[in-house]
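Letter by letter, the chains look like this.
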2 protein chains.
Amino acid sequence: MISVRVRVPVPLHTLGETSAGLLGVEYLAQVHMIDFRDNISRMTGYVPGEQPPPGTKLVKLNTNENPYPPSPEAMKVLRDFDTEWLRRYPQPDAAIARDVAANVYGVPEDWVMAANGSDEMLALLARAFLEPGKKIAYAAPTYSLYINLAEMQDAAMVEVPYDEDYNLPVKALLDAQADLTFVCSPNNPSGTVARLRDLDRLAAGLRGVLIVDEAYTDFADENALSLVSRYENVMVLRTVSKGYSLAGLRLGFGVSRPELLAGLMKIKDSYNVDAVAIRVAAAAIRDQAWMQNNAEKVKASRNQLADALTQLGFRVWPSQANFILTRPPKGDAYRLYLELKDQGILVRYWDRPRLADKIRITIGTDEQNRALLEGLKVLIE
Amino acid sequence: MISVRVRVPVPLHTLGETSAGLLGVEYLAQVHMIDFRDNISRMTGYVPGEQPPPGTKLVKLNTNENPYPPSPEAMKVLRDFDTEWLRRYPQPDAAIARDVAANVYGVPEDWVMAANGSDEMLALLARAFLEPGKKIAYAAPTYSLYINLAEMQDAAMVEVPYDEDYNLPVKALLDAQADLTFVCSPNNPSGTVARLRDLDRLAAGLRGVLIVDEAYTDFADENALSLVSRYENVMVLRTVSKGYSLAGLRLGFGVSRPELLAGLMKIKDSYNVDAVAIRVAAAAIRDQAWMQNNAEKVKASRNQLADALTQLGFRVWPSQANFILTRPPKGDAYRLYLELKDQGILVRYWDRPRLADKIRITIGTDEQNRALLEGLKVLIE
């Protein structure tokens, strides 16, 4: 609870009357408390990676953006955008984008729901399922937003450690029997993919909902979409932020049985996805060749960078994402992070258990990756 | 709670193994319950006005969109949009748009927060302040989203009736002493404006937060923005959906002291406003002359339409918004709504207390307003 100083109202000169004359005596001296819910007051909130001001010249390898531009087909839709589509409210169900996505995923249209980024799908899940007495479970380290969302709903958390190779701790997650179990795959920040057989065991054994957050799946060799048709309690999350190079647009999807989506549709804002995102993303998703081609380039660069880092003595976790988690030879990750930043190269660092001796590097263009490697070579000598 | 049929997993042919072999016996026969929070299962959700499919030829006067297009300056930003701004994540604080808005409102930049439509600001307020044991208050009839948001948070509601002339029931709202008190001004669906002296009394006398939802203020002669500098517990909401003709973009603002915004910043999604909305809306807000000129045209049309309806025997409430609430001579509003729809003219109708004998008409172009009047003349004879 934040309490703020009392302000005694000053005369309302514009009305030609004094506020004292307008106020009933019984209400005159109210103290104004900004009385947030206790769990909201306690929490600190999710801290996104640094976003340098527009125009800054940096090698920006810290927030997992795609180094290649979005589809020219998508840009064409933007340039030819009809003013009428801005003047009017957008489709409440973002059907134009949803239907294209459903076609790519090979599921019926009512198995897909669109949101203002897959972050909004996660927030809707938290609001629909979590309250005091409910709990989430997840394997750590992973995307920390899951924790923030549980805090907002005042729910409990069961954190289970990944082993050193990031195998999914299936038994422990099953034992937890949480209302919502989150698995990020490829996992942020490790880049590792959960095996389908492990996710299948989880889905079958959990009484609650299993969320497989596949934000980075466009760079992976396997995914868990098939589980959605096999289990009513599985939702797979997708986004146009990574593979489609549209992080600026904010469009994500939840894929599951309609029964599960129905509860989330009730609590979303009426017009949660804007008209530009709907039409531009639809064009980008239709252009599968463009996305695949960029993803292949990123995967090739990722494998090259992983080899080069290994040769320099870094430990590299096997990534199927557009980033690499790596431990420098001496574990002095914080120093490297700071000194790279001095060189104008941004990577991601967390002062958190199991991550404080590692950095996460987003795969950039070949030129950016070379700049990074040159920078690191100097720093570790 | 929705319970769904058990599905016994089928063999995982893709893995060349049977799922039965993968599943621990102890987890084999779980029933999958989609166990939404009870309050979420109970609620029905907000129902937005009808949005006809793209390309449909209709006189669409049902969802309060501006009949005139957005600023050419805004469209220029859209056509020249840099691919780089789509590839990267947007500004977490939407600073480019926020700072332009703060300048127009005449407040410091940290007194303004941007959201994915003012609906998202309302949802954030609900999530930051409401939980079981907390309550909202509002005068009815008003924007029904306030009720849905309280339901989502399982909070209590105190509904106080407006009088027949839509004067704000200040005493009753003060007696309620809710955690959040919502006043929509100009009020949807009546179009009437709350007097500043009444809002001042409310702000001074409430221990909780007063939200003045000014989505329609660009068509009004007065607003309550001055209260924000006088009271820590007041938030004024604004949007680019109405005056700026950008309903498709989704950008709204909360204006208040920074202490109040701080709690909402913690719980919003990291990137809640997209890069297109930020830059296009900033250009639109900079072009005050365009917005004002369109607002003046709407106000003139509104006053003409109100006079014409009055001459036809309709009761018309004095509107400062871009719509009119009106009662047909015989109160047969539902029939008129349906028969107008048959003519291809959409207006808004609610089968709700005090509204079932009225329709709400959005102000269109002069041509649209004439079509509406001609349609009504035939129907009431």
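What counts and what doesn't
Each chain has its residues counted from 1, running along the sequence as written. Chain A is the first chain written and ligand 1 is the first ligand written, with later ones labelled in order. Where totals are concerned, whole chains, interfaces and linings use all residues; where local detail is concerned, this predicted model gives features only for residues with pLDDT of at least 70, and gives and counts side-chain atom pairs only at 80 or more. Remark: hydrogens and water are excluded; side-chain values derive from all non-hydrogen atoms of the structure. Salt bridge, as applied in this entry: a Lys or Arg side-chain nitrogen positioned within 4 Å of an Asp or Glu carboxyl oxygen. Think of it this way: any DSSP run of H or I at least four residues long counts as a helix, any run of E at least two long counts as a strand, and we number them from the N terminus. Note on classification: 1.4 Å probe, protein chains only; a residue is buried when its accessible area is under 20% of the maximum for its type, exposed when over 50%, partly exposed between these limits. Pairing between strands requires that DSSP locate at least two bridges from one strand to the other. Between two residues, a contact is recorded if the distance between any of their heavy atoms is within 4.5 Å. All axes here are fitted lines through C-alpha atoms, helices being fitted over the stretch that makes contact, and every angle between N-to-C directions spans 0 to 180 degrees. In superposing the copies, a least-squares fit is computed on C-alpha atoms, taking residues whose pLDDT is at least 70 in both. What gets called buried area is simply the loss in accessible area from a 1.4 Å probe that two parts show on being joined, summed for both. Whenever a nitrogen or oxygen atom comes within 3.5 Å of another N or O atom, the pair is scored as a polar contact, on the condition that within protein one atom can donate a hydrogen and the other can accept it, and that pairs from neighbouring residues in sequence are kept only if both atoms are in side chains. Here the term charged refers only to Asp, Glu, Lys and Arg, the term nonpolar to Ala, Val, Leu, Ile, Met, Phe, Trp, Tyr, Cys and Pro, and the term polar to all other amino acids, Gly among them. Along the chain, pLDDT gives the predictor's confidence residue by residue, from 0 to 100.

Draft legend 1. Just the pattern of salt bridges, in detail. Applying the stated criterion across every chain, the model contains 42 salt bridges over all chains. The salt bridge partner of Arg315(B) is Glu164(B), with a shortest N-O separation of 3.4 Å. Taken together, the positions of Arg315(B) in strand β11 (residues 315-316) and Glu164(B) in the loop between β6 (156-161) and α8 (170-176) put the pair 151 residues apart, joining distant regions of the chain. When the shortest N-O distance is used, the salt bridge between Lys299(B) and Asp221(B) registers 3.5 Å. One end of the pair, Lys299(B), is in helix α13 (residues 288-311); the other, Asp221(B), is in the loop between β8 (209-213) and α10 (226-230), and 78 residues separate them in sequence. Given the relative accessible area of 60%, Asp221(B) is considered exposed. Put simply, Glu84(A), Arg87(A) and Arg88(A) are held in one network by salt bridges that share partners.

Draft legend 2. Expanded view of the pairing of strand β4 (residues 112-115) of chain B. Residues and elements named next belong to chain B. Here β4 shows no split at all, with Val112 and Ala114 on one side and Met113 and Ala115 on the other all buried. Relative to strand β10 (residues 252-255), β4 runs antiparallel, the two being bridged by 4 bridges. The residue of β10 that forms the bridge with Met113 is Gly254.

Draft legend 3. The arrangement of the sheet that holds strand β12 (residues 323-327) of chain A in detail. Residues and elements named next belong to chain A. One open sheet holds the 3 strands; their spatial order is β11-β12-β14, and the pairing between them is antiparallel. In the strand order of this sheet, the two ends are held by β11 (315-316) and β14 (359-362), each with one partner. By the bridge criterion, 4 bridges tie β12 to β14 in an arrangement that is antiparallel. The partner of Thr326 across the bridge, within β14, is Ile359. In the packing of helix α13 (residues 288-311) onto the sheet, contacts are made with β11, β12 and β14, and the angle to β12 comes to roughly 10 degrees.

Draft legend 4. Summary view of helix α9 (residues 196-205) of chain B. Burial within α9(B) is extensive, with 8 of its 10 residues counted as buried. Within α9(B), the full set of buried residues consists of Leu196(B), Asp198(B), Leu199(B), Asp200(B), Leu202(B), Ala203(B), Ala204(B) and Gly205(B).

Draft legend 5. A look at the relation of the copies chain A and chain B. In screw terms, the move from chain A to chain B is a rotation of 180 degrees and a rise of 0.0 Å along the axis, fitting with an RMSD of 0.0 Å. What the rotation and shift describe, once combined, is the action of a two-fold rotation axis. Across chain A, the rotation axis passes nearest the C-alpha of Arg79(A), at a separation of 2.2 Å.

Draft legend 6. Fine view of the interface of chain A and chain B. Taken together, the contacts link 112 residues of chain A with 111 residues of chain B. Taken together, both faces of the contact between chain A and chain B bury some 9,800 Å²; the carbon and sulfur share is 55%. In this structure, Glu131(B) engages Arg37(A) in a salt bridge whose closest nitrogen and oxygen atoms are separated by 3.2 Å. At the surface where chain A touches chain B, the tally comes to 35 residue pairs in polar contact (both at pLDDT 80 or more). No other element matches the 7 residues that helix α9 (residues 196-205) of chain A contributes to the side of chain A that touches chain B. Within the side of chain A that touches chain B, the residues separate by chemical class into 54 nonpolar, 24 polar and 34 charged.

Draft legend 7. Molecular detail of the confidence of the model for chain A. Residues and elements named next belong to chain A. Per-residue confidence for chain A gives a mean pLDDT of 91; residues scoring 70 or more make up 91%. The low-confidence segment residues 1-29, where pLDDT is below 50, has 57 contacts with residues more than four positions distant or belonging to other chains. Across the interface, the model reports ipTM at 0.90; the global pTM reads 0.90.

Draft legend 8. Region of interest: the sheet that holds β11(B). Spatial strand order, β11-β12-β14 (chain B): 3 strands in an open sheet with antiparallel pairing. Because the sheet does not close on itself, it has two edges, and the strands there are β11 and β14 (359-362) of chain B.

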